[in-house]
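# Summary of structural features
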Amino acid sequence: MMAVIAAAIVIQRNLFAVVVLGGIYSFLMATALVALDAVDVAMTEASVGAGISTVLLLGALHLVRGDEAKPLGRPWLPLAVSIAVGGVLVYGTLGLPAFSDPEAPIHKHVAPRYINESLKETGVPNVVTAVLASYRGYDTLGETTVVFTAGIGVIALLRQRKRKDRDRR
Amino acid sequence: MSALGHFSYWVTIFLLVAGLFIVIARGNLVKKLIGLSIFQTSVYLLYIAPGKLIGGTAPIVGTGITVYSNPLPHVLILTAIVVGIATLALGLALVVRIRESYGSVEEDEILRAEEAALRDEAT
Amino acid sequence: MRNYLVLRVAAKIVVPFMLLFALYVQFHGDFGPGGGFQAGVILAAAFVFFALIFGLPTTRRLVPDRLVETGIAAGVLVYAGVGFIGLLLGGNYLDYFVLDRDPAHGQHRGIFWVEVGVCLTVSSVMLKIFYMFAGRRRREDDA
């Protein structure tokens, strides 16, 4: 299903339709994430992907407006490159552990410690929150700073022009 | 090594390739950004899918549950989503600025405008 | 969209619940799914929704730019400040065990404040970005 939506996004040239499809895509992704037991992530994806980013894209579309121009050349080269990359990656997956394999390295490293000890050590039943804020506090501080910086960047990019407009008037 | 066992990877790869194709093949900058975010969602799947254990539940400690999916990728992706939207907004802001100075968001038109400007400067 | 009565009434009913839900997600994040990132985004979404129905100027009056910009910086400062408090109390940076006599309580307190910081920053940034995009007028002269 998601593959179909993605394919539709590739084909569709009206950007408005693409944005709406993007919203649907995000909701489907959120559903898939619930199915994969990642409820925290699914919640974020539903609110961010389907909510905020759709609104933002629409806002940006309002500013840049429009339909996409017809691609100039025939897209054979990019298609070939993409398919080649995909092929290599599929070959790569053959060496990876199968889905839901309890012996996979990902379940052997730090995860058991997080799951078994976090309630005792932090008193927070939601392991994701505990890891996010406590064990990986530095990471999250960094991420928050990135969000902060991006916000500042947007302000810096979009504010200056406004002042110029005012001067002209 | 069954086909079923690797299905999640292949979905991921399909999405990744679709995103990659959009980024390479399309000249429209907004479309490119959307392609980039599809690429990004494929990475979310790549991280989350291996953390799932069939029969397990979400990593919220409760009584009588012993199998949880791996919380670590959830944490990483959770923050990645929010950072992703912030950077997407930054990209869109850049696109808006480009549109304002070149009057277009098509890559080739921008390049043409740039070349014309350079030629004007030379003469 | 100001003139659609149904939308206005519906928004008036829904927006408080969205705000409430954001707070629930924020403070219940320890026990169920949720936390600062999600709560921040939902909070911002509530205001964005409000702005879409009642217009940007109304929202800007309600949540002024100055406040939003302060929020952006204050969130990061709260987060970093928690780290420094840990430092002052004789622990490591971002060490929550020293925040209370009982280490688990200290952790709880640390996580709580960190999430508050995250929520502040994320919601303010999202709202600010929305303001910036929505506040610009499309320039027709260069089209």
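In what follows, the structure referred to is the one given above.
First, a word on scope: everything that follows refers to the structure included in this document.

### Quick word on the pattern of salt bridges
Residues and elements named next belong to chain C.
- Tallied over the full model, the rule gives three salt bridges over all chains.
- We note a salt bridge from Asp 65 to Lys 128, for which the minimum N-O separation is 2.9 Å. Residue Asp 65 is found in helix H4 (residues 65-88), and its partner Lys 128 is found in helix H5 (residues 103-135); the two are separated by 63 residues along the sequence.
- For Asp 65, a relative accessible area of 23% translates into the label partly exposed.
- The buried category is assigned to Lys 128, whose relative accessible area is 2%.
- Taking the shortest distance from any N to any O, the salt bridge between Glu 69 and Lys 128 comes out at 2.8 Å.

### Some thoughts on the environment of A:Leu89
- Along the chain, A:Leu89 falls in helix H4 (residues 76-93).
- Other than its neighbours up to four places away in sequence, A:Leu89 contacts B:Ile13 and B:Leu16.

### Looking at the packing of helix H3 (residues 39-64) of chain A against helix H2 (residues 29-51) of chain B
- Interaxial distance between H3(A) and H2(B) falls to 12 Å at its minimum, and their mutual angle equals 175 degrees. Regarding the angle of H3(A) to H2(B), the classification is roughly antiparallel. On H2(B), the residues touching A:Val41, A:Glu45, A:Leu57, A:Leu61 and A:Val64 of H3(A) are B:Val30, B:Ile34, B:Thr41, B:Tyr44 and B:Ile48.
- When the residues that make up the contact of H3(A) with H2(B) are grouped by side-chain class, the tally is eight nonpolar, one polar and one charged.

Reading the values: rules and limits
Residues numbered from 1 in each chain as written. Chains lettered and ligands numbered in written order. Predicted model: local features only at pLDDT ≥ 70, side-chain atom pairs only at ≥ 80, totals over all residues. Heavy atoms only, no water. Salt bridge = Lys/Arg side-chain N within 4 Å of Asp/Glu carboxyl O. Helix = DSSP H or I, 4+ residues; strand = E, 2+ residues; numbered from the N terminus. Buried < 20%, exposed > 50% of the residue type's maximum accessible area, 1.4 Å probe, protein only. Contact = heavy atoms within 4.5 Å. Axes fitted to C-alpha atoms, helices over the stretch in contact; angles between N-to-C directions. Parallel < 35°, antiparallel > 145°, perpendicular 65-115°, else oblique. Nonpolar A, V, L, I, M, F, W, Y, C, P; charged D, E, K, R; others polar.

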